[in-house]
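Chain and residue survey
Here is how the chains run, residue by residue.
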Amino acid sequence: FVQFCIQYSSLALLYHDYVLAFPAEVKHIWSRRITVSTLLYICCRYALLANLLYLFEISNVIKKVNFAVTHCDGWYTVTEYLSIAGRAAVLAIFTARTWATC
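Calculation rules
- Residues numbered from 1 in each chain as written.
- Predicted model: local features only at pLDDT ≥ 70, side-chain atom pairs only at ≥ 80, totals over all residues.
- Heavy atoms only, no water.
- Helix = DSSP H or I, 4+ residues; strand = E, 2+ residues; numbered from the N terminus.
- Buried < 20%, exposed > 50% of the residue type's maximum accessible area, 1.4 Å probe, protein only.
- Polar contact = N/O pair within 3.5 Å; in protein donor to acceptor, adjacent residues only side chain to side chain.
- pLDDT = per-residue confidence, 0-100.
- Arc of directions from axis to C-beta.
- Contact = heavy atoms within 4.5 Å.
- Axes fitted to C-alpha atoms, helices over the stretch in contact; angles between N-to-C directions.
- Parallel < 35°, antiparallel > 145°, perpendicular 65-115°, else oblique.
- Left-handed = near helix turned anticlockwise from the far one by under 90°.
- Nonpolar A, V, L, I, M, F, W, Y, C, P; charged D, E, K, R; others polar.

Thoughts on the side chain of Glu-25
Residue placement: Glu-25 occurs in helix 1 (residues 2-30). Relative accessible area serves as the criterion here: at 3%, Glu-25 is assigned to the buried category. Within the structure, the side chain of Glu-25 is placed 2.9 Å from the side chain of Trp-30, a separation counted as a polar contact.

If you want it as structure tokens, here you go:
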């Protein structure tokens, strides 16, 4: 129970930040031409959606998936791909920053 409370509260703070920063994000990110750096930003920022989906799955909030998969494997696959995209974006940004300082 405590673990879920901590996870839900941390996700609530995170998504509260997303809501507060969204107008600036629309102005500076979404209104520009899409580049590699924009895609990396989007992957880093929104890959945390995988954590929310995973939390919903393990806490039995999601009972059925609406797109042809009626068991939890579908949600796990979606969350895995989102998580991998986010981690790859973070590694790419760290690599680019390291390369720029050398």
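Details of the confidence of the model for the protein
When pLDDT is averaged along the protein, the result is 77, and 83% of the positions lie at 70 or above. No element of the protein has a lower mean pLDDT than helix 3 (residues 49-58), at 73, and none a higher one than helix 1, at 83.

Brief notes about helix 2 (residues 36-46)
Residues of helix 2 that are buried: Thr-38, Ile-42 and Arg-45. What you see down the axis of helix 2 is that its buried residues fit within an arc of 75°, all on one side. For helix 2, the elements touching its buried residues are helix 1.

Quick word on the packing of helix 1 against helix 3
Look at helix 1 against helix 3: their axes get within 11 Å of each other, and the N-to-C directions meet at 150°. Of the possible angle classes, the one that applies to helix 1 and helix 3 is roughly antiparallel. Where helix 1 crosses over helix 3, the handedness of that crossing is left-handed. Between helix 1 and helix 3, the contacting residues are Phe-4, Gln-7, Tyr-8, Leu-11 and Tyr-15 on the first element and Leu-49, Asn-51, Leu-52, Leu-55, Phe-56 and Ile-58 on the second. Of the residues assigned to the contact of helix 1 with helix 3, the class counts are nine nonpolar, two polar and no charged.

Description of the side chain of Arg-45
Within the element layout of this structure, Arg-45 appears in helix 2. Overall, Arg-45 belongs to the buried group, its relative accessible area being 12%. Apart from the residues lying within four places of it in its own chain, the contact partners of Arg-45 are Asp-17, Tyr-18, Ala-21 and Glu-25.

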